[in-house]
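# Summary of structural features
For reference, the chains in residue letters:
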Amino acid sequence: MELLKIQNVKKVYTTKLGLVQCVALKNVSFTVSEGEFVAIMGASGSGKTTLLNILASLDKPTSGDVLLGGRSFASVPDRELSRFRRDNMGFVFQDFNLLDTFTLKDNILLPLVLSQTPVKEMESRLLPIAQMLGIDMLLGKYPYEVSGGEKQRAAVARAVITDPQIILADEPTGALDSKASVHLLQNFRALNERAGKTILMVTHSAMAASYASRVLFIKDGEIFAQLYRGEDENRAFFDRIVANLSVLSDGGADIG
Amino acid sequence: MGVRTLAKGFYVKLAWANIRRSREVYLPYLIACAIIGGIYFLVCGFAMSGELTGVPGGESARALFQMGVIVFTVFAAGFLLSINRFLVKRRKREFGLYGVLGLSKAHVGRILLLENAIVLLGGLACGLVFALVFGKLLFLLLLKLMHALPQNEFRPAPVAYLATAALFLGVYFVSSLYNLAQVHLANPIQLLQSEKRGEKDSKLVIPMALIGAAMLGAAYYFAWTVESSGTAMGIFFLLVLLVILATNLLFTSGSIAVLRALRANKRFYYRPQNFVSVSGMFHRMRQNASGLATICILSTMFLVTLCGTLSLYLGQEKTLAPQYPYDVQVSGYAPYHDRLGADAKLAALAEEHNVVMHADESGLNYHNYVEGEANPDGTVYPGSELYMQPHSLYLDGTLHFDLEGAEEDREAFLDAARQLSMVLKNEAGEDVTYYYRVRDIWSARQESYGMYGGLLFLGAFFAILFLAVTVLMIYFKQITEGYEDKERFDILQQVGMDEKQVRGTINAQVLWVFFLPLATALLHMVFASRILTRMLQSFMLYDWVLVLCCALGVSAAFALIYLIAYRMTARAYFKIVKR
Ligand SMILES: Nc1ncnc2c1ncn2[C@@H]1O[C@H](COP(=O)(O)OP(=O)(O)O)[C@@H](O)[C@H]1O
Ligand SMILES: [Mg+2]
């Protein structure tokens, strides 16, 4: 079933004086089905974060529209946006964005507290997720007391605890070493395969993308190509992604 | 050689760039330096220049200022050093970054020395200019408070310049040593991480909070119940110390204990507004509790100083009245020995000088000023010797009378009366001359205005000093917290809190952090007013209502200034958060 539909999205940044225009997204259209794990790849500056911010309703497209579960973003009034976001989407960012003032537990519970969930229900939801992500022993610690990988897993837990329709991740492995990256990506895969979560992940690492079921390539603000995993194992898919990158991006030198 | 000058220019440039880049911090620091420097210079000027000696009551005022210089030196140096400490501490990360970027510690140290020199020199210069421009005006104001006429212009003595320069040089020396130590003692990694340290609470939070509460309770109890002015004077500084310690403990540990209790209550804690506020307060209190305690203590000092000096100044007539039930008192052996003769002699002298002396019994309607028992029905002690004389009233060896006539005539009469004497034979048969001791309310009043006017002036200077430092600390807090909260603000929005909610929680938090010190200071003041009243009794001031009125007035004025400071600094804060 079609969950997310992006229709002819264009984004133009204008400087304050309106003199210089920067076209971040030219004309982007694609759809994401329920239960998919989609990776978006592209060089630095190709418009990945811009696209994700629009999908997250944190930013508005210059033209075009985004529909989530058939509902157009444009139809959501501004004052309902934060609630809409809270109820339907979970975010994972490159630099974790955990609050230093909360323990990991409270960081994870934050979105539930904001939607005024009863204490009992919050706690019953927390434990299975924390166990699945392997951070159940760390819940009482503060973000500055744990490693980057653990922080990121807490951020993932925060993203999924509201049981959102879709999880959006912007370079979630960007600040992690390779071991922690693999751990996190395995978590993503588990969430996708076992819990049936739809995931959309922006990355510039072919290794990270090889965990997805589909990879979209973006260049200069346009969708350039896409690859399906099919029946491939990670390794084979990785090789295809790398091959694709080197064919499609002027020798692939600026990827990564 | 060429390389060296180039390098030197480079350091100056870098230091100057640093100052400009953080001008939102350095500009207020500079202003504080200017205020402290300017006031210090003026206090030195008043204490060390001859202008005050000429005016009536000036000697006492000058002596006061000379004592003030010593206390002022301690406070001014302490404040400047602690502001510097605060500023350097929050820059540790930057020093670490320099280290990582390959600037050696010696280089960083040199930049710091230069920055420090630029700001202190700039502040000193501004302060001196300000003091020279407004010094004359303030001198006239001082004379007005002293009810004295200006005799000559205020021209600060060279030694005042020297003292001020010495103060700043000393501060520069000590603060530079501290800064260099900060840079040299830590390695870059530590420096880079220093902002993230220290979020763990000690296990002693609850006992510490209890000790703090007990100390404050004890201090309040003694301040409220102290009976004699002698004891009050004796224990005042002890109580001040106790209150300072208790305030610190309560702010650092007490706040954490309360917040913990709130957090333990899950039904309360896991509500959107409370959730964010309580955790935010945790963070704030862990980092800034002692800063808040300092603000509170400084505010209390401001209130007590100004209230005490203002009460004394405004209560002067009330102090004089019991001491001078009549305008003039003549005592000594002669009037005691021969009251009727003395009365006649003085009356003759009065006629000679065109003044009239007279007395009735109404003047006895005063409260006895001897410590302890008041004399509420206005009668004289039993056993006192009281006789009405033709022109005066004789009470226990002293002649009291009012004096009417032109001012010059009165003065001439008093001078003449001081020359009166009487020759008597002592036991060995030798002649001994006994002079009359004449005291009059006019010179006492002049003396009193000189003393208390000077005291009020000095008190106001101290108050300005406390106020400047308080406002500066509040401002610094807002700025540093602004940068932290900006991050929080952004993250909360990403997680799905809407902007209005975020603004609401942050507002509530800022209000708490801001008004906690004010409320505590006002509470301290309530109890301080009691012991202050007792202490003022040693100055013959028996008027709790007056002290209370002064306390109220000063508190209201302070709250207003505090509010204005809040509004202004909150604007700086929100500018950062919304950027
Ligand atoms: N707020 C902004 N204002 C102006 N230009 C922007 C803004 N954000 C991004 N851009 C520009 O849009 C382009 C795409 O940026 P971004 O989406 O961040 O790329 P990526 O995440 O793929 O590295 C870049 O050229 C960037 O300079
Ligand atoms: Mg990006």
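A quick note: this is a predicted structure, and the numbers were derived from the prediction, not measured.

## Some thoughts on the overall build of chain A
For chain A, the count of helices and strands is eight helices and ten strands. Dimensions of chain A along its principal axes, counting C-alpha atoms only, are 50 × 45 × 35 Å. When each of the 256 residues of chain A is scored for burial, the buried share is 54%. For chain A, contacts bridging at least 24 residues in sequence account for 68% of all contacts bridging at least 6. Looking at chain A as shown, the accessible area adds up to about 11100 Å², and 50% of this sits on carbon and sulfur atoms. For chain A, the distance from the average site of its 28 positive side-chain charges to the average site of its 29 negative ones is 3 Å.

## Some points on empty space enclosed by the protein
Taken as a whole and judged by the stated rule, the model has three cavities of 30 Å³ or more. When its volume is computed, the largest cavity comes out at roughly 100 Å³. What lines the largest cavity is Arg 85, Arg 86, Met 89, Gly 90, Phe 91, Phe 93, Pro 111, Arg 158, Ala 159 and Thr 162 of chain A together with Gln 494 and Val 495 of chain B. When residues of the lining of the largest cavity are traced back to their parent elements, those giving at least two are α2 (78–88), β6 (89–92) and α5 (148–160) of chain A together with α16 (441–495) of chain B.

## Considerations on the domain arrangement of chain B
Residues and elements named next belong to chain B. As assigned here, chain B comprises domain 1 (1–197), domain 2 (205–319 + 449–579) and domain 3 (333–435). Here the C-alpha centroids of domain 1 and domain 2 sit 26 Å apart. The partner domain 2 presents 26 residues to the 33 residues of domain 1 that form the contact. Between domain 1 and domain 2 the total buried area reaches about 2600 Å² when both faces are included, carbon and sulfur atoms providing 84% of it. Our enumeration of links across domain 1 and domain 2 arrives at zero salt bridges. For the interface between domain 1 and domain 2, the tally reads two residue pairs in polar contact (both at pLDDT 80 or more). For the side of domain 1 that touches domain 2, the secondary structure elements donating two or more residues are α2 (23–48), α3 (58–89) and α5 (105–145). A per-element tally of the side of domain 1 that touches domain 2 places α3 first, with twelve residues. A breakdown of the residues in the side of domain 1 that touches domain 2 according to their chemical character gives 25 nonpolar, four polar and four charged.

## Thoughts on the environment of Phe 282 of chain B
With respect to the helices and strands, the residue Phe 282 of chain B is situated in helix α11 (residues 272–314). Distance in space between the C-alpha atoms of Phe 282 of chain B and Ile 256 of chain B is 6.7 Å, their sequence separation being 26 residues.

## Thoughts on the packing of aromatic side chains
Tallied over the entire structure, the rule returns 39 aromatic pairs over all chains. Where Phe 73 of chain A meets Phe 84 of chain A, the ring centres are 5.4 Å apart and the plane angle is 85 degrees; that geometry is what we call edge-to-face. With Phe 73 of chain A in the loop between β5 (71–72) and α2 and Phe 84 of chain A in helix α2, this residue pair connects regions lying eleven residues apart in the sequence. The exposure class of Phe 84 of chain A is buried, given its relative accessible area of 7%. Ring centres 5.0 Å apart and planes at 55 degrees place the aromatic pair Phe 457 of chain B and Phe 461 of chain B in the tilted group. Linking Phe 457 of chain B with Phe 461 of chain B, this pair stays in helix α16, spanning four residues, or about one helical turn. The pair formed by Phe 457 of chain B and Phe 461 of chain B is uniform in burial state, with each residue classed as buried. One aromatic cluster in this structure is built from Tyr 40, Phe 72, Phe 75, Phe 79, Phe 462 and Phe 466 of chain B.

## A closer look at the packing of α5 of chain B against helix α6 (residues 158–185) of chain B
Residue and element names in this part refer to chain B. Where α5 meets α6, the axes come as close as 10 Å, and the angle between the chain directions of the two elements is 155 degrees. The angle between α5 and α6 places the two elements in the roughly antiparallel class. Crossing handedness for the pair α5 and α6: right-handed. Contacts between α5 and α6 involve Lys 105, Ala 106, Val 108, Gly 109, Leu 112, Leu 113, Asn 116, Ala 117, Leu 120, Leu 124 and Leu 132 on the former and, on the latter, Tyr 161, Thr 164, Phe 168, Val 171, Tyr 172, Ser 175, Ser 176, Asn 179, Leu 180, Val 183 and His 184. Class assignment of the residues belonging to the contact of α5 with α6 gives a composition of 14 nonpolar, seven polar and one charged.

## Here's the deal with the nonpolar core
Note that soluble globular proteins tend to have their nonpolar side chains buried in a common cluster. Counting residues in hydrophobic clusters, the biggest one holds 188 residues, and the most contacted among them are Phe 188 and Ile 241 of chain A together with Leu 52 of chain B. With 22 residues, α16 of chain B is the largest single contributor of residues to this core. When residues no more than four places from it in sequence are discounted, the contact partners of Leu 52 of chain B are Phe 46, Gly 58, Glu 59, Ala 61, Arg 62, Phe 65, Phe 139, Leu 142, Leu 143 and Met 146 of chain B. Residues Leu 3, Leu 51, Leu 68 and Leu 168 of chain A belong to the second largest nonpolar core, which totals 30 residues.

## Side note on the sheet that holds strand β4 (residues 63–68) of chain A
Residues and elements named next belong to chain A. Reading across from one edge, β2-β1-β4-β5 is the order of the four strands in this open sheet, with antiparallel pairing throughout. Strands with a single pairing partner mark the edges of an open sheet, and in this sheet they are β2 (21–33) and β5. Across five bridges, strand β1 (residues 2–14) lies against β4 in antiparallel orientation. Looking across to β4, one finds that Ile 6 is bridged to Val 66.

## Comments concerning a nonpolar patch on the surface
Residue and element names in this part refer to chain B. A cluster of nonpolar side chains, contributed by Val 129, Phe 130, Val 133, Phe 134 and Leu 137, occupies part of the molecular surface with about 470 Å² of accessible area. When you line up the elements, Leu 137 lands in helix α5. For Leu 137, a relative accessible area of 56% puts it in the exposed group.

## Remarks on the pattern of salt bridges
Opposite charge on two side chains makes pairing possible when the charged atoms of those side chains draw close. All names here are of chain A. Evaluation of the coordinates by the stated rule reveals 18 salt bridges over all chains. With its nearest N and O atoms 3.5 Å apart, the salt bridge here joins Arg 83 to Asp 87. In this pair, Arg 83 and Asp 87 are both assigned in helix α2, four residues apart and thus about one turn of the helix distant. Here Arg 83 falls in the partly exposed class, since its relative accessible area comes to 43%.

## Describing the interface of chain A and chain B
Taken together, the contact pairs 27 residues of chain A with 23 residues of chain B. Summed over both partners, the interface of chain A with chain B buries about 2400 Å², with 62% contributed by carbon and sulfur atoms. For the pair chain A and chain B, the number of links is one salt bridge. The tally of links between chain A and chain B comes to five residue pairs in polar contact (both at pLDDT 80 or more). At seven residues, the largest contribution of residues to the side of chain A that touches chain B is made by helix α3 (residues 104–114) of chain A. Split by residue class, the side of chain A that touches chain B holds 15 nonpolar, four polar and eight charged.

## A short note on the sheet that holds strand β10 (residues 222–228) of chain A
Note: strands within a sheet are paired through backbone hydrogen bonds, in either parallel or antiparallel orientation. Residue and element names in this part refer to chain A. Ordered in space as β6-β7-β8-β3-β9-β10, the six strands form an open sheet in which the pairing is mixed. The strands lining the two open edges of the sheet, one partner per strand, are β6 and β10. The average angle at which neighbouring strand axes cross in this sheet is 20 degrees, direction not considered. With four bridges connecting them, strand β3 (residues 37–41) and strand β9 (residues 214–219) associate as parallel partners. Across the sheet, the residue bridging to Val 38 is Arg 214, located in β9.

## Considerations on the site of ligand 1
Residue and element names in this part refer to chain A. Ligand 1 sits among Tyr 13, Cys 22, Ala 24, Ala 43, Ser 44, Gly 45, Ser 46, Gly 47, Lys 48, Thr 49 and Thr 50. Here an oxygen atom of ligand 1 sits 3.3 Å away from a polar atom, N or O, in the main chain of Ser 46. Between Lys 48 and ligand 1, the recorded distance is 2.9 Å, taken from a backbone N or O atom to an oxygen atom. Isolated, ligand 1 exposes 560 Å² of accessible area, and the fraction of that covered by the protein chains is 57%. Contributing elements (two or more residues each) for the shell around ligand 1: β2 and α1 (48–55). Residue contributions to the shell around ligand 1 peak at three residues, all from α1. Across the shell around ligand 1, the residue classes break down as four nonpolar, six polar and one charged.

What counts, and where the lines are drawn
- Residues numbered from 1 in each chain as written.
- Chains lettered and ligands numbered in written order.
- Predicted model: local features only at pLDDT ≥ 70, side-chain atom pairs only at ≥ 80, totals over all residues.
- Heavy atoms only, no water.
- Helix = DSSP H or I, 4+ residues; strand = E, 2+ residues; numbered from the N terminus.
- Buried < 20%, exposed > 50% of the residue type's maximum accessible area, 1.4 Å probe, protein only.
- Contact = heavy atoms within 4.5 Å.
- Areas by Shrake-Rupley, 256 points an atom, 1.4 Å probe, with all protein chains shown as cover.
- Lys, Arg positive; Asp, Glu negative; His and termini not counted.
- Charge placed at Lys NZ, Arg CZ, Asp CG, Glu CD.
- 1 Å grid on protein atoms, 1.4 Å probe; cavity = no way out; pocket = protein on both sides within 12 Å on 5 of 7 lines; lining within 4 Å.
- Points joined across faces, edges and corners; volume = space filled by probe spheres on them.
- Domains from an automatic or database assignment.
- Buried area = accessible area lost by both parts, 1.4 Å probe.
- Salt bridge = Lys/Arg side-chain N within 4 Å of Asp/Glu carboxyl O.
- Polar contact = N/O pair within 3.5 Å; in protein donor to acceptor, adjacent residues only side chain to side chain.
- Nonpolar A, V, L, I, M, F, W, Y, C, P; charged D, E, K, R; others polar.
- Phe/Tyr/Trp six-rings, centres within 6.5 Å; stacked < 30°, edge-to-face > 60°.
- Axes fitted to C-alpha atoms, helices over the stretch in contact; angles between N-to-C directions.
- Parallel < 35°, antiparallel > 145°, perpendicular 65-115°, else oblique.
- Left-handed = near helix turned anticlockwise from the far one by under 90°.
- Core = buried A, V, L, I, M, F, W, Y, C linked by side-chain atoms within 4.5 Å.
- Pairing = 2+ DSSP bridges.
- Patch = residues over 30% accessible without salt bridge, like charges linked within 9 Å, V, L, I, M, F, W, Y side chains within 5 Å.
- Near = heavy atom within 4 Å.

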